[in-house]
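What follows is the residue order along each chain.
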Amino acid sequence: MKRIESNKLITKVIMNCFLINAIWYLMGCSGNPGKPRQEDNIKATTETAFKLPEIPVTLIDPEGRSEFLVTHYWDNFDFNDTASIKKPEVAEQIFVDFVDMLGRIPMSTVQKAITILMEHTSQKYDVQKYFIELFDKYLYDPNSPFRNEELYIPVLEYIVVSPTVKSEDKITSEYRLKMAMKNRMGSVATNFVFAERDGHQRKLTDVNGEYIVLYFNNPGCSGCKETAAKMKMSSFGRNPKVTVLAIYPDADLSEWKEAQHEFPKEWIDGYSPNGKIMEKGLYDLKAIPTLYLLGKDKKVILKDANWTQIEMYLSLNLM
C-alpha cells in the first residue's frame, strides 16, 4: 500500500512540473509585454507553496539568471519548520521542481546548488534526513523517471563527509558512492570474463561492434522479459553494427540453462562464471535488468539506461 501511495505522489508531482518548465521558459526570454497574465498566474501558483527568489534585473543572460535561481532557490523556505516536511504535496513538489532544474544546468552549478541545500538542512536532523530520502527517491530509485546518477553523486559526496549526518546513515551512501563511481559515462567499462552456452570463455574486451549493448539479465524476472521483447522487436536489436551481449550475473545457473532459446542467435548469450560480477561488485546492478551502451572502444556511453534511451541514442548516432 505504501508503494502504491508513493507512486501516486510521484505521478502527481511530475505532472505539476509544467510550472517550473514555464518559469524556465520565461527566464530564458526577454519577456513579452503582451502576455503579463501568464507570468502573474505562474507567480501566484508558486506562492501557494513558497516564494521564489527575485532574480536581479541586472542579470540579463539566461545562464546567469539560471544559476541565480537554482543557487537561491531555497532562500525563502523555512528549514526550521518541521511541519513543512509533513506536507509532501507542498514540500515534495518544491523539491521536484528543484531537481528538474538541476538537469538543465552545468555540473559545477549543480554541485554548488546541492551543497547550499544540504547546508540549509543541516540545522535539524529530521529535516536533513527527509531531504536525503527525497534525493534517494528521485535520483536513485530505479523506478523514478528522474533517476540520474550524475546528479546523485554530489549528494552522496556531501553526505559521506558531512559532520551533521550520523555515521550509521553514512554507510549506505558510502557504498552507493563507491558503486556510482564505477563505469561512469566516458570511462572504459570494467573488463570481465563470461562463458557462452558452449562453455567457451571470453572477455568483454574480446567483443567487437561499433556499439555494444551490455544487457545484464535474469530470465526469470518480468522486467527482463519486457525489456528483451522490446529489444527483439527493435531494428537495433539485430543491426550488424550493434552487438548485444546478454549476461546472466548470478552464480545459480538453473534458470539461465532453462532459457537457452530465449534470445536471437545474433546475440551473445553468456553468464558470469561463479557469479564473479556480482561477487566482486564489478558493475552496479541495483536492479535487474540493467543496460549499458558501450562504444567500440568499450567506453561507457550510457550507464544504467533503459532500452528507450539506448534506442534513441542509436537512432541519432548510428550511421
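Look up a bit, the structure's there.
Reading the values: the criteria
- Residues numbered from 1 in each chain as written.
- Predicted model: local features only at pLDDT ≥ 70, side-chain atom pairs only at ≥ 80, totals over all residues.
- Heavy atoms only, no water.
- 1 Å grid on protein atoms, 1.4 Å probe; cavity = no way out; pocket = protein on both sides within 12 Å on 5 of 7 lines; lining within 4 Å.
- Points joined across faces, edges and corners; volume = space filled by probe spheres on them.
- Helix = DSSP H or I, 4+ residues; strand = E, 2+ residues; numbered from the N terminus.
- Nonpolar A, V, L, I, M, F, W, Y, C, P; charged D, E, K, R; others polar.
- Core = buried A, V, L, I, M, F, W, Y, C linked by side-chain atoms within 4.5 Å.
- Buried < 20%, exposed > 50% of the residue type's maximum accessible area, 1.4 Å probe, protein only.
- Contact = heavy atoms within 4.5 Å.
- Salt bridge = Lys/Arg side-chain N within 4 Å of Asp/Glu carboxyl O.

Asks: I'm lost on empty space enclosed by the protein in this one. Help?
Replies: Where empty space is left in the structure can be found by rolling a water-sized probe over the atoms. The full count for this structure, using the stated rule, is one cavity of 30 Å³ or more. By volume, the largest cavity is sized at about 30 Å³. Tyr140, Glu149, Tyr152, Arg176, Met179, Ala180 and Asp284 together form the lining of the largest cavity. Sorting elements by how many residues they give to the lining of the largest cavity places helix α9 (residues 167-180) first, with three residues. Classifying every residue of the lining of the largest cavity by side-chain character gives four nonpolar, no polar and three charged.

Asks: For this particular structure, what's the right way to read the nonpolar core?
Replies: In this structure, Trp74, Phe95, Phe98, Leu102, Phe131 and Phe135 are the most contacted members of the largest nonpolar core, which totals 45 residues. For this core, the secondary-structure elements that each account for two or more residues are α4 (62-71), α5 (88-102), α6 (107-121), α7 (125-140), α8 (149-161) and α9. When residues in this core are grouped by element, the largest group, nine residues, is from α7. Among residues more than four places away in sequence, those in contact with Phe131 are Trp74, Phe77, Phe79, Phe95, Leu117 and Thr121. Formed by 22 residues, the second largest nonpolar core is a distinct cluster that contains Tyr211, Val242, Ala246 and Ile301.

Asks: I tried to follow the pattern of salt bridges on my own but got confused; where do I start?
Replies: Oppositely charged side chains are able to pair whenever their charged atoms sit close together. Counted under the stated rule, the structure contains 15 salt bridges. In this structure, Lys129 engages Asp169 in a salt bridge whose closest nitrogen and oxygen atoms are separated by 3.6 Å. On the criterion of sequence distance, the pair formed by Lys129 in helix α7 and Asp169 in helix α9 is long-range, its members being 40 residues apart. Given the relative accessible area of 25%, Asp169 is considered partly exposed. For Glu149, the salt bridge is made with Lys303, and the minimal N-O distance between the two is 2.6 Å.

Distances and angles like these do not, on their own, reveal function.
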